[in-house]
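# What the coordinates show
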Amino acid sequence: YYIVYVLVMAASGEGMSVYEVVKCFVAGDFGRGSYYFAIMVQFTLFAPLIYEVIKKYSSRGVCAVAAVNLAYEIIQTIVGFPEGVYRICALRYLLVIAFGMYLALRQENKIRPVYIATMAVVGLGYILLPYFTDYEYKIFTVGPWNRSGMMSAFYVMAVMYLVFIFFSKAQNNGFLSRTV
C-alpha cells in the first residue's frame, strides 16, 4: 500500500520529499498497517536475545519474557504513552514472539490441554468482556489497541498452538504432501 501511494504521489506531481517518505516509512505514519516496518526492525534487534532465552530456559524463558511484556504494559499505562508510540513499539508483541519461538524450538514438548484451554478462556474473556459488560480496562488501554495487547495474546497463542499441532500431525501422516 505504502509503495503504491508513494508512486501515485510521484506520478501526480504531488510527491513527497525523500525525507518525508523515509520518516513516514520508519515511523509508521501512513495509516493502517504502516507500522509493520517499524515493528519488524525492532523485532530483528531483540529476536536473537529472546531466542537465546527460550532456547536456554524453555517455558521458564517464556514466563520471563511475559514478565517483561507485562512490565512494559504497566509502564506504558502509568506513563501514558501516546497512541503513535504504543502502536509502533514491538515490546507489546514480546509474549507472542516468545511463544512462537518456544513452539519452534520445543516441538516434542506438548502443552497440557488445561493450559491451552485456560489461555483461550483468558484471552477470549479479555477480548469479549467490554462487549457484554460495562467494565472498562484499567491497564492495556491505549487507543484502539486495547484488544490487541498482551491479554488478548493468550487467545491467539492457544489458536497458534492448535494450528501448530494440526500441521505437525498433518505433516507426519503425509496429509500435507498429499494435499499440496
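Residues numbered from 1 in each chain as written. Predicted model: local features only at pLDDT ≥ 70, side-chain atom pairs only at ≥ 80, totals over all residues. Heavy atoms only, no water.

Our focus in this paragraph is the overall build of the chain. Looking only at helices and strands, the chain features eight helices and zero strands. Beginning at the N terminus, the succession of helices and strands in the chain can be written as α-α-α-α-α-α-α-α. The buried share of the chain, taken over its 180 residues, is 32%. Within the chain, contacts between residues separated by at least 24 positions form 68% of all contacts whose residues are at least 6 apart in sequence. About 11,300 Å² of surface is accessible on the chain, with carbon and sulfur atoms providing 69% of the total. (Helix = DSSP H or I, 4+ residues; strand = E, 2+ residues; numbered from the N terminus. Buried < 20%, exposed > 50% of the residue type's maximum accessible area, 1.4 Å probe, protein only. Contact = heavy atoms within 4.5 Å. Areas by Shrake-Rupley, 256 points an atom, 1.4 Å probe, with all protein chains shown as cover.)

Let us look at the side chain of arginine 92. Structurally, arginine 92 can be placed in the loop between helix 4 (83-87) and helix 5 (94-105). At 6.7 Å, glutamate 73 is the nearest oppositely charged side chain to arginine 92, a buried residue that forms no salt bridge. Within polar-contact distance, the side chain of arginine 92 engages the side chain of tyrosine 93 at 2.8 Å. (Lys, Arg positive; Asp, Glu negative; His and termini not counted. Salt bridge = Lys/Arg side-chain N within 4 Å of Asp/Glu carboxyl O. Polar contact = N/O pair within 3.5 Å; in protein donor to acceptor, adjacent residues only side chain to side chain.)

In this section: helix 5. Every α-helical turn comprises 3.6 residues, leaving residues that sit three or four positions apart pointing alike. Here helix 5 is twelve residues long and its end C-alpha atoms lie 16 Å apart, about the 16 Å a rise of 1.5 Å per residue gives. For helix 5, the full list of buried residues reads Leu94, Leu95, Ile97, Ala98, Phe99, Met101, Tyr102 and Leu103. (Expected span 1.5 Å × (residues − 1).)

Close contact between helix 3 (residues 36-79) and helix 5 brings their axes to 8 Å; oriented N to C, the two are set at 80 degrees. If you check the angle between helix 3 and helix 5, you find them roughly perpendicular. Per-class residue counts for the contact of helix 3 with helix 5 are 17 nonpolar, three polar and one charged. (Axes fitted to C-alpha atoms, helices over the stretch in contact; angles between N-to-C directions. Parallel < 35°, antiparallel > 145°, perpendicular 65-115°, else oblique. Nonpolar A, V, L, I, M, F, W, Y, C, P; charged D, E, K, R; others polar.)

This brings us to the side chain of asparagine 69. Mapping asparagine 69 onto the fold places it in helix 3. Classification of asparagine 69 by relative accessible area gives buried; the value is 0%. A distance of 3.0 Å separates a polar atom in the side chain of asparagine 69 from the backbone nitrogen of leucine 95. With near-sequence residues (within four places) excluded, asparagine 69 lies in contact with Leu91, Arg92, Tyr93, Leu94, Leu95 and Met150.

A word on a nonpolar patch on the surface. On the surface, Leu124, Leu128, Tyr131, Phe132, Tyr155, Val156, Val159, Val163, Phe166 and Phe167 cluster together to form a nonpolar patch covering roughly 930 Å² of accessible area. If you list the elements that add at least two residues to the nonpolar patch, you get helix 6 (113-132) and helix 7 (150-172). Assignment of secondary structure puts phenylalanine 132 in helix 6. Classification of phenylalanine 132 by relative accessible area gives exposed; the value is 67%. (Patch = residues over 30% accessible without salt bridge, like charges linked within 9 Å, V, L, I, M, F, W, Y side chains within 5 Å.)

Turning our eyes to something else, we now look at the confidence of the model for the chain. Counting all residues, the mean pLDDT for the chain is 79, and 68% of those residues have values of 70 or more. Mean pLDDT in the chain bottoms out at helix 8 (residues 175-179), which sits at 53, and peaks at helix 3, which reaches 90. (pLDDT = per-residue confidence, 0-100.)

Considering only enclosed or pocket space, the largest pocket measures out at about 330 Å³ in volume. What lines the largest pocket is a set of 16 residues, among which Ser59, Val62, Cys63, Phe99 and Met119 lie closest to the centre. Within the residue set of the lining of the largest pocket, elements represented by two or more residues are helix 3, helix 5, helix 6 and helix 7. Of the residues that constitute the lining of the largest pocket, the class distribution is eleven nonpolar, three polar and two charged. (1 Å grid on protein atoms, 1.4 Å probe; cavity = no way out; pocket = protein on both sides within 12 Å on 5 of 7 lines; lining within 4 Å. Points joined across faces, edges and corners; volume = space filled by probe spheres on them.)

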